[in-house]
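# Descriptive analysis of the structure
Each chain, letter by letter, is given below.
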Amino acid sequence: GEMKYSDGSIYEGSWKYEGSIYGGSIYEKRTSGTYTVPGKYSFTGKWVSDKIYDGLYKDFVEDTIYRGTFENDKMSGVGELVDGDGKIYIVKFVNGKKEGMGTIIDRNRVKENHFWVNDVLTPLNGLDENITYISGDIYRGAIVNSKRSGKGHMIYAPYEDDTRSDIYEGDW
């Protein structure tokens, strides 16, 4: 069914009815469908106990799309966030914030592995961060503002019939 709320938001989808006509009120709870607040956001997916749980969340104000699970209406667990520039973040979310190791994939399909603490990109100063380029080249080392920085090494992808890889190790 469809429900239009006084604030202009709309829910289209399935409902679960709880309660009793004889014992008082009947409570309606959303179970799966699309909830839209015009100009702000929309969510398409599943609800548990009338809270968004798993699906696709589009934030029209922040120009982002999130696919994953929610806890207490906040992004939770490993999910995929796409920003307005087309960058894809695949990372664990805790209480709506990026946390731990994750991957950024840009429009050119360049992959960067990074570490977040409380939604802040945090350098590891080690070889845990890396960038994989479209060519197959792989950089391992410190990354600052999506660029190689400090000590690290680059493993260049082999050329066509060659099975050897060139390696550069040093400062960037």
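Residues numbered from 1 in each chain as written. Predicted model: local features only at pLDDT ≥ 70, side-chain atom pairs only at ≥ 80, totals over all residues. Heavy atoms only, no water.

Another point: the confidence of the model for the chain. For the chain, per-residue confidence averages 85 on the pLDDT scale, and 88% of positions sit at 70 or higher. No element of the chain has a lower mean pLDDT than strand β13 (residues 138–144), which averages 80, and none a higher one than strand β6 (residues 64–71), which averages 96. (pLDDT = per-residue confidence, 0-100. Helix = DSSP H or I, 4+ residues; strand = E, 2+ residues; numbered from the N terminus.)

On to unusual backbone geometry. Of note in this structure, Ser49 is not a glycine but carries a positive phi near 55°. Take Ser49: it is sitting in the loop between β4 (41–48) and β5 (51–59). Backbone geometry at Asp73 places phi at a positive 65°, although glycine is not the residue there. The residue Asp73 is located in the loop between β6 and β7 (74–82) in this model.

Another point: the nonpolar core. Within the largest apolar cluster, 16 residues are counted, with the highest numbers of intra-cluster contacts made by Trp47, Tyr66, Phe70, Met75, Leu81 and Phe93. Of all elements in the fold, only β2 (10–19), β3 (26–37), β4, β6, β7 and β8 (88–94) reach the threshold of two or more residues within this core. Counting residues per element, this core draws most heavily on β8, which supplies three residues. For Met75, the residues in contact, after removing those within four places along its chain, are Tyr66, Thr69, Phe70, Leu81, Phe93, Val94, Asn95 and Gly96. (Core = buried A, V, L, I, M, F, W, Y, C linked by side-chain atoms within 4.5 Å. Buried < 20%, exposed > 50% of the residue type's maximum accessible area, 1.4 Å probe, protein only. Contact = heavy atoms within 4.5 Å.)

Further remarks concern the pairing of strand β10 (residues 111–117). Alternating positions in β10 separate cleanly, Glu112, His114 and Trp116 being buried on one face and Lys111, Asn113, Phe115 and Val117 remaining unburied on the opposite face. With six bridges joining them, strand β9 (residues 97–105) and β10 adopt antiparallel strand pairing. Looking at the pairing, Thr103 lines up with Asn113 of β10. Between β9 and β10, which pair antiparallel in sequence order, lie five residues; one of them, Arg109, sits at a positive phi of approximately 70°. Pairing of β10 with strand β12 (residues 130–132) involves three bridges; the strand directions are antiparallel. The partner of Glu112 across the bridge, within β12, is Ile131. Note: β10 against strand β11 (residues 120–121), two bridges, orientation antiparallel. (Pairing = 2+ DSSP bridges.)

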